[in-house]
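Working through the structure, step by step
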Amino acid sequence: MSAHRRRDSESGSDSENSSLEDEEAAVAAASDRPQRARINNTEALQEALEEIAVPEDLPWDELLVVTGEAPTEVGNVDDDLERELAFYNQALGAARVAIARMEAAGVAWQRPTDYYAEMVKSDEHMLKVREQLAFEQKSISEATERRKQRDAKKFGKQVMSEVRKERAASKRQAVDSMTKLRKQREKSGYAGEVDVEAAMGPPGDGRA
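For clarity, every value in this text was computed on a predicted model and none was experimentally measured.

1. Brief notes about the overall build of the chain
When its secondary structure is counted, the chain shows 6 helices and 0 strands. Ordering the α and β elements of the chain from the N terminus gives α-α-α-α-α-α. Counting the 208 residues in the chain, one finds 4% classified as buried. If you take every contact in the chain between residues at least 6 apart in sequence, the share linking residues at least 24 apart comes to 34%. If you sum the accessible surface of the chain, you get close to 19,300 Å²; carbon and sulfur atoms cover 53% of it.

In structure tokens:
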């Protein structure tokens, strides 16, 4: 345990020494760099401020700045819902004040129904985009129609196959019935003709 503590203390002292050496090296490097003279030209700063300052006589509709009459208060600042609701109510109140001021000044604030914004892309570019979209839509429609036709053809083949199977089964049943009837006639010694229609059953029983 003592050996471990000794090694830990030695490693700690080594890290502290290296940190001090790094700080001293940084200070020495900073002192070697040429120092710039500090300039506090208040007149130039004031002139720059006046250049970017907003004129006091500027109309309100150029700024659209609305300051709330009362400060926004939030009961629990850690409650996200309550905090966001307070911000929403503050923005809503400011928007209502701004709309009232615009209407009082006769300034239009709603977008006209026939308003068209300037397009970022040229008409030629948008025409190419529209043609490409139309081509893709046509390709999708044609592919869908071909798939429907293939499915219909496949279904038609299945129906015809079922019909052929039913016809074959009906024919086989009719032949079996005739064969069975002839055998019965032969056993009974009946020498007359066999009524084929009666033996095969009434019409509409699935015969083809």
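2. A closer look at unusual backbone geometry
Glycine aside, the phi torsion of most residues is negative, and most peptide linkages are trans. Residue leucine 64 is not a glycine yet carries a positive backbone phi of 60°. By secondary structure assignment, the location of leucine 64 is in the loop between helix H3 (60-63) and helix H4 (80-105). Among the residues examined, leucine 64 registers a relative accessible area of 46% and is labelled partly exposed.

3. With respect to a nonpolar patch on the surface
On the surface, Val54, Leu58, Leu63 and Val65 cluster together into a nonpolar patch covering about 320 Å² of accessible area. Assignment of secondary structure puts leucine 58 in the loop between helix H2 (42-52) and H3.

4. Considerations on the pattern of salt bridges
Any two side chains of opposite charge can pair, so long as their charged atoms come close to each other. Under the criterion given, the structure shown has 1 salt bridge. One salt bridge in this structure joins aspartate 80 and arginine 83, with 2.7 Å as the shortest N-O distance. Highlighted residues: aspartate 80 and arginine 83, both in helix H4, separated by 3 residues, approximately one helical turn. Since its relative accessible area comes to 46%, aspartate 80 is described here as partly exposed. Exposure remark for arginine 83: the relative accessible area of 23% places this residue in the partly exposed category.

5. Looking at the confidence of the model for the chain
Counting all residues, the mean pLDDT for the chain is 79, and 76% of those residues have values of 70 or more. A low-confidence stretch, residues 1-8 stays under pLDDT 50, and its non-local contacts, those more than four residues away or across chains, total 0 contacts. A low-confidence stretch, residues 204-208 (pLDDT under 50), is modelled with 7 contacts involving residues beyond four sequence positions or located in other chains.

6. Some words on a positive patch on the surface
On the surface, a cluster of positive charge is made up of Arg146, Arg147, Lys148, Arg150 and Lys154. Under the relative-accessibility criterion, arginine 146 is labelled partly exposed at 45%.

7. So, H4
The end-to-end C-alpha separation of H4 is 38 Å, in line with the 38 Å expected for 26 residues at 1.5 Å each. Taken residue by residue, H4 has Ala86, Ala98 and Met102 as its buried positions. Looking at the buried side of H4, the elements it contacts are H3. Between the side-chain oxygen at the start of H4 and the backbone nitrogen of leucine 81 there is a gap of 3.2 Å, and the oxygen is on aspartate 79. Two residues or fewer after H4 comes glycine 106, characterised by a positive phi angle close to 75°.

8. A short note on a negative patch on the surface
A cluster of acidic residues, Glu21, Asp22, Glu23 and Glu24, forms a negative patch on the protein surface. Along the chain, glutamate 23 turns up in helix H1 (residues 2-32).

9. Considerations on the environment of isoleucine 99
Among the structural elements, isoleucine 99 can be located in helix H4. When the C-alpha atoms of isoleucine 99 and glutamine 110 are compared, they prove to be 9.6 Å apart, with 11 residues separating the residues in sequence.

Reading the values: rules and limits
Residues numbered from 1 in each chain as written. Predicted model: local features only at pLDDT ≥ 70, side-chain atom pairs only at ≥ 80, totals over all residues. Heavy atoms only, no water. Helix = DSSP H or I, 4+ residues; strand = E, 2+ residues; numbered from the N terminus. Buried < 20%, exposed > 50% of the residue type's maximum accessible area, 1.4 Å probe, protein only. Contact = heavy atoms within 4.5 Å. Areas by Shrake-Rupley, 256 points an atom, 1.4 Å probe, with all protein chains shown as cover. Patch = residues over 30% accessible without salt bridge, like charges linked within 9 Å, V, L, I, M, F, W, Y side chains within 5 Å. Salt bridge = Lys/Arg side-chain N within 4 Å of Asp/Glu carboxyl O. pLDDT = per-residue confidence, 0-100. Lys, Arg positive; Asp, Glu negative; His and termini not counted. Charge placed at Lys NZ, Arg CZ, Asp CG, Glu CD. Expected span 1.5 Å × (residues − 1). Polar contact = N/O pair within 3.5 Å; in protein donor to acceptor, adjacent residues only side chain to side chain.

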